[in-house]
Amino acid sequence: MKKLERSLGLSSVIAICISSMLGSGIFVLPGLAFSITGESVWLSYLLAAICVLPAAISKSELATAMPSSGGTYIYLDRTFGPMAGTIAGLGLWISLLLKSAFALMGFGAYLNILSNVNIKEVALVLAIAITFINIFGVGKISNFLIFIVITAISSLVLLDTLVILNPLEVSGDTAFLQNGIEGLIKSTGLVFVSFAGVTKVAAIAEEIKKPEKNLPRGILISLLIVTIVYCTTTFALSKYVELSKLSGNLRPIYTMTKAYAGDYIGIAISVIAIITMTSMANAGLLAASRFPFAMSRDGLLPKSFGKLHINFKTPIVSIISSGIIILFIISFIDITKIAKLASAFILAIYLFENIAVIILRETRVHWYRPTYKSILYPFTQMIGITLTSFLLLKMGSVAIVGLLGISIPGLIIYFSYARKRVDRKGVIGIHGKRKDLTKQRDDEINKMESATFNRDAQIVITLLGKERSPEMLVEMGVALSENDDLIEVAHLTEAPEQSDLSDFIEEPPELKSLRRRVIAMAIEKGKPLTFDPVVTHDISKTIFELSQRMHSKWLFMEWSGKSRGTITLHSPITWLKAHLECHLVIFKDKGVRYIRKILVVLNLDHNDEIIISTAEALAVTNKAEIAFAYFVNKNEAIERCQSIEHELEIRTNDVRVRKSIIILTGKNSVSTIVQNSAEFDLLIIGSEKNYRWHDIFSSVEDQIIDQATCSVISIHPSGKGINK
């Protein structure tokens with residue numbers, strides 16, 4: 001996979017972020033906002049920033065987990081699948097190009113102050129110029145962007161300070177909420193587009209040094225700086241210039257500067273506005289061109305979009321295509337109206353970025369390891385979802401037209417080109433219902449490319465890298481092995497779908513150490529055991545295929561269970577229970593190394609037989625005693641307890657180790673079992689049969705696994721897989 005050069009530091013990230021926002025959003029839009037809400041424009045900007053903040057925080061987290069070119073496209077593609085990725089990538093590409101074209105045309109009002117020129121012709125020349133600048137590489141322009149940003153911000157801050165401190169008050173009619181709360185909300189929706197560029201820089205994450213630190217810092221620092229500039233500037237405008245002169249004014253900053261400092265300073269601020277809006281257009285083209293580049297690498301667009309220039313190391317076809325689209329927009333389209341439609345799509349993207357963080361966190365995807373995590377999760381995301389949904393609803397038909405106008409072409413591209421070339425599913429597809437497995441049989445599984453697993457293993461032990469003691473899990477598997485049946489220990493590493501698996505060929509030292517320890521254990525126990533490292537994009541499917549391919553009877557893995565407070569909709573364990581055709585053993589290691597007393601809680605159903613035999617095998621290996629138990633609500637009759645005790649005696653009659661029978665009584669099964677677990681070294685329970693809606697917070701099984709004071713084994717017997 002071709003990679004871009006990492007040449008941008010924190011200052012460059014901040015410069016690109018600010019230059020993506022600081023343009024028409026402050027030099028043009030305030031005049032339009034004043035006509036809607038009056039002097040409360042500064043409050044509109046503040047509310048818009050608050051609406052953007054959750055998405056900025058979420059995107060900072062997503063960017064540190066997936067620091068690749070493509071930004072939001074990558075996040076949504078990996079979360080929701082390639083169809084959503086195609087729509088998001090195409091939509092973001094076009095949206096940013098529309099905004100770049102709008103910025104190039106937007107400085108026309110300021111350009112007319114200096115000279116009577118053809119605005120469209122100048123915009124076309126500038127579009128060609130920034131296209132060539134981007135071909136030469138972002139490193140060539142980062143210093144220039146920093147200079148522009150510093151100049152623009154310094155000028156605005158100085159002007160705002162002088163105006164605000166001036167004792168002169170504006171004369172004439174004033175109106176803070178000119179059209180009430182409704183007008184304030186509409187104004188907030190209008191100026192929202194001013195902040196749309198704050199997260200554009202994530203699209204070039206592959207070109208940023210130390211993205212895990214510089215991305216979140218750059219995004220949040222930029223948002224803070226720009227919010228201060230927007231609010232203070234619009235407050236200064238309302239203080240010094242009459243509302244009648246601001247309403248509908250397309251060059252409000254020039255109007256204020258000229259009134260305060262005269263013609264020459266007004267001309268100077270106009271020059272700064274022109275350069276700043278040009279840099280905004282450049283930053284937009286820079287970020288936009290990375291979307292088709294990333295989509296091409298993933299097979300959603302032709303490969304030519306993913307080619308890097310041999311000398312400049314930039315995606316030349318993607319950049320040139322983006323430049324051509326900007327030229328077309330400037331030449332033929334009323335960009336003011338279409339930019340508003342594109343803004344609706346960006347608002348929807350912010351909504352789904354917040355949703356993506358919740359999905360990736362709650363599905364516990366192994367490769368999702370952000371170095372920056374959102375504060376106040378998940379409340380930050382929920383607030384963002386609520387606010388952006390509210391703004392979309394307030395936009396009405398504009399939002400619907402904007403979303404459909406970009407989504408429909410995305411769907412056409414996906415179904416006509418991309419669908420046949422990609423087999424990714426995204427996290428939603430992996431953890432949902434899997435149609436790709438429902439017809440899979442042994443003859444299909446035998447077509448797996450690797451010859452490593454061309455053998456049968458009665459027991460498959462999967463190590464996911466987070467085990468408290470891998471040796472303890474292996475010992476559990478060894479205890480259930482029969483005769484000379486092979487035991488397979490598979491160490492699984494889940495890589496993001498955008499990663500090339502060839503990058504994981506070299507075995508890390510910790511894995512070599514684990515291999516040595518496991519093999520030494522096998523020799524000591526006298527058991528045939530193999531150890532194989534596996535790197536995969538789809539860990540659940542790989543576990544399923546291993547169990548099928550090796551015709552295993554048992555599958556062992558460690559799982560900490562859903563802790564209290566999580567809202568997991570569909571955990572990997574739930575998925576495996578629904579698909580596996582072998583016995584699934586879930587182990588929660590609480591650090592107990594010597595198992596002498598085992599508590600087995602039975603359900604008095606057809607699964608008790610496998611649970612009892614498992615407990616007996618573990619007791620024999622560890623020379624332990626077993627207490628077989630059943631929970632009874634303390635309000636039930638004594639006669640029922642006696643009959644249950646008799647039933648337990650019958651079911652465990654053939655157990656060869658020292659045993660006892662216990663009736664656990666209490667108000668709540670979880671608290672009663674947890675309390676009694678303190679007297680034992682290992683607790684064995686049967687897995688719950690069905691997944692219920694209220695299990696999103698944690699099932700009885702999850703609570704017992706999480707809260708028990710000793711180690712826990714949960715057994716999910718076979719017979720409930722996809723082929724049953």
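Rules used in this analysis
- Residue positions are given per chain, counted from 1 along the sequence in the order it is written.
- With the structure being a predicted model, the display of local features is reserved for residues of pLDDT at least 70 and the display and counting of side-chain atom pairs for 80 or more, all residues being used for whole-chain, interface and lining totals.
- Side-chain descriptors were evaluated using all non-hydrogen atoms of the structure, hydrogens and water having been removed beforehand.
- Going along the chain from the N terminus, every DSSP run of H or I of four or more residues is numbered as a helix, and every run of E of two or more is numbered as a strand.
- Type-normalised accessible area, obtained with a 1.4 Å probe on protein chains alone, sets the label of each residue: buried when under 20%, exposed when over 50%, and partly exposed for intermediate values.
- Only heavy atoms matter for contacts: two residues are in contact if any of them lie within 4.5 Å across the pair.
- All accessible areas in this document rest on Shrake-Rupley with a 1.4 Å probe, and a residue is counted as covered only by the protein chains that are shown.
- Helix span is expected to be 1.5 Å times the residue number reduced by one.
- We define the bend at each residue as the angle formed by axes fitted to the 7 residues ending at it and the 7 residues starting at it.
- Strand pairing follows a simple DSSP-based rule, namely that at least 2 bridges must link the two strands.
- All axes are obtained by fitting lines to C-alpha atoms, using only the stretch in contact for helices, and the reported angles, taken between N-to-C directions, cover 0 to 180 degrees.
- Rotating anticlockwise by less than a right angle from the far helix to the near helix defines a left-handed crossing, while the corresponding clockwise rotation defines a right-handed one.
- Classification used: nonpolar for Ala, Val, Leu, Ile, Met, Phe, Trp, Tyr, Cys and Pro, charged for Asp, Glu, Lys and Arg, polar for all others including Gly.
- Take a side-chain nitrogen of Lys or Arg and a carboxyl oxygen of Asp or Glu: if they are within 4 Å of each other, that pair is a salt bridge.
- Confidence of the predictor at the level of single residues is given by pLDDT, which spans 0 to 100.
- Patch membership needs two things, relative accessible area over 30% and no salt bridge, and members are linked within 9 Å if like-charged or within 5 Å if nonpolar (Val, Leu, Ile, Met, Phe, Trp, Tyr).
- In this analysis, rings of Phe, Tyr and Trp, with Trp reduced to its six-membered ring, are considered paired at centre separations within 6.5 Å, and the interplanar angle assigns stacked below 30 degrees, edge-to-face beyond 60, and tilted for intermediate values.
- Here, over-ring charges are defined by two tests on the NZ atom of lysine or the CZ atom of arginine: distance to the ring centre within 6 Å, and angle to the ring normal within 35 degrees.
- Orientation labels follow simple angle bins: below 35 degrees gives roughly parallel, above 145 gives roughly antiparallel, 65 to 115 gives roughly perpendicular, and whatever is left gives oblique.

### A look at the overall build of the chain
Working step 1: For the chain, the helix and strand inventory stands at 29 helices and ten strands.
Working step 2: Counting the 724 residues in the chain, one finds 57% classified as buried.
Working step 3: Considering only contacts within the chain whose residues lie at least 6 apart along the sequence, 85% involve residues at least 24 apart.
Working step 4: About 30100 Å² of surface is accessible on the chain, with carbon and sulfur atoms providing 59% of the total.

### Here's the deal with helix H4 (residues 41–65)
Working step 1: Between its terminal C-alpha atoms H4 stretches 36 Å, which fits the 36 Å expected from 25 residues at 1.5 Å a residue.
Working step 2: The largest bend in H4 amounts to roughly 30 degrees and is located at Val52, with the proline Pro54 lying one to four residues further along.
Working step 3: Among the 25 residues that make up H4, 19 are buried, leaving the element largely enclosed by the rest of the structure.

### Topic: the sheet that holds strand E5 (residues 583–588)
Working step 1: Ordered in space as E3-E2-E1-E4-E5-E10-E9-E6-E7-E8, the ten strands form an open sheet in which the pairing is mixed. A single partner strand is all that each edge strand has here, and the edge strands are strand E3 (529–536) and strand E8 (659–666). The average angle at which neighbouring strand axes cross in this sheet is 20 degrees, direction not considered.
Working step 2: Packing against the sheet, helix H22 (residues 470–479) makes contact with strand E1 (459–463), strand E2 (487–494), E3, strand E4 (554–558), E5, strand E9 (682–686) and strand E10 (711–716), and its axis sits at approximately 170 degrees to E1.

### Some words on the side chain of Gln381
Working step 1: By secondary structure assignment, the location of Gln381 is in helix H18 (residues 379–395).
Working step 2: Non-local contacts of Gln381, meaning those with residues more than four positions away in its chain, are made with Ser58, Asn354, Val357, Ile358 and Ser374.

### Concerning the packing of H4 against helix H10 (residues 180–191)
Working step 1: Look at H4 against H10: their axes get within 8 Å of each other, and the N-to-C directions meet at 65 degrees. Seen from above, H4 lies across H10 with right-handed handedness. Judged by residue contacts, Leu43, Ser44, Tyr45, Leu47 and Ala48 of H4 engage Leu184, Ser187, Thr188 and Val191 from H10.
Working step 2: Of the residues in the contact of H4 with H10, the class split is six nonpolar, three polar and no charged.

### So, the pattern of salt bridges
Working step 1: A complete count under the given rule lists eleven salt bridges for this structure.
Working step 2: Between Glu61 and Arg361 there is a salt bridge, with its nearest N and O atoms 3.0 Å apart. Placement of Glu61 in helix H4 and of Arg361 in helix H17 (residues 335–362) is noted, with a sequence separation of 300 residues between them.
Working step 3: When the shortest N-O distance is used, the salt bridge between Arg593 and Asp589 registers 3.4 Å.
Working step 4: Judged by relative accessible area, Asp589 falls into the buried class, the value being 4%.
Working step 5: A cluster of three or more residues bridged by salt bridges with shared partners is formed by Asp608, Glu647 and Arg651.

### Here we look at the confidence of the model for the chain
Working step 1: In this model, the chain carries a mean pLDDT of 77, and residues with pLDDT of at least 70 account for 81%.
Working step 2: Here helix H21 (residues 442–445) stands out as the least confident element of the chain, with mean pLDDT 40; strand E6 (residues 597–601) is the most confident, with 94.
Working step 3: Between residues 438–451, whose pLDDT stays under 50, and residues either more than four places distant or in other chains, the model counts 19 contacts.
Working step 4: Considering only residues more than four positions removed or in separate chains, one finds that residues 720–724, a stretch of pLDDT under 50, has 21 contacts.

### Observations concerning a nonpolar patch on the surface
Working step 1: Judged by side-chain polarity, Ile375, Leu376, Phe379, Met382 and Ile383 come together as a nonpolar surface patch covering roughly 540 Å² of accessible area.
Working step 2: One can find Phe379 in helix H18.

### A closer look at the packing of aromatic side chains
Working step 1: Tallying each qualifying case throughout the model produces seven aromatic pairs.
Working step 2: Through pairs of rings, three or more aromatic residues link up here, namely Tyr45, Phe195 and Tyr230.
Working step 3: One cation-aromatic arrangement involves Arg361 over Tyr377; the distance from NZ or CZ to the ring centre is 4.1 Å.
Working step 4: Its end group placed over the ring of Phe680, Lys597 keeps NZ or CZ at 5.1 Å from the ring centre.

### What to know about unusual backbone geometry
Working step 1: Residue Pro378 follows Tyr377 across a cis peptide bond; omega there is 0 degrees.
Working step 2: Among the secondary structure elements, Pro378 is positioned in the loop between H17 and H18.
Working step 3: Despite not being glycine, His551 has its phi angle at roughly 50 degrees, a positive value.
Working step 4: Position of His551 among the secondary structure elements: in the loop between helix H24 (539–549) and E4.
Working step 5: His551 sits in the partly exposed class, given a relative accessible area of 41%.
Working step 6: Its identity is not glycine, yet Lys623 carries a phi of approximately 55 degrees, on the positive side.

### Some details on the environment of Ser613
Working step 1: One can find Ser613 in helix H26 (residues 608–622).
Working step 2: Owing to a relative accessible area of 35%, Ser613 belongs among the partly exposed residues under this scheme.
Working step 3: In sequence terms Ser613 and Asp654 are 41 residues apart; their C-alpha atoms lie 9.6 Å from each other.

### Let's talk about the side chain of His583
Working step 1: With respect to the secondary-structure elements, His583 resides in strand E5.
Working step 2: You can call His583 buried: its relative accessible area is 10%.
Working step 3: Other than its neighbours up to four places away in sequence, His583 contacts Lys553, Trp554, Leu555, Ile610, His716, Pro717 and Ser718.

### Thoughts on helix H16 (residues 316–332)
Working step 1: Relative to the 24 Å expected for 17 residues at 1.5 Å per residue, H16 spans 24 Å between its end C-alpha atoms, a close match to the ideal helical length.
Working step 2: Considered for burial, the residues of H16 that qualify are Ser318, Ile319, Ser321, Ser322, Gly323, Ile326, Ile329 and Ile330.

### Overview of the packing of helix H3 (residues 29–37) against H10
Working step 1: Relative orientation of the contacting elements H3 and H10 amounts to 165 degrees, with a least axis distance of 8 Å. Taken together, the axes of H3 and H10 lie roughly antiparallel to each other. Crossing angle aside, the handedness with which H3 passes H10 is right-handed. When H3 is examined against H10, the residues Leu29, Leu32, Ala33, Ile36 and Thr37 are found in contact with a partner set consisting of Gly183, Leu184, Lys186, Ser187, Leu190 and Val191.
Working step 2: Across the contact of H3 with H10, the residue classes break down as seven nonpolar, three polar and one charged.

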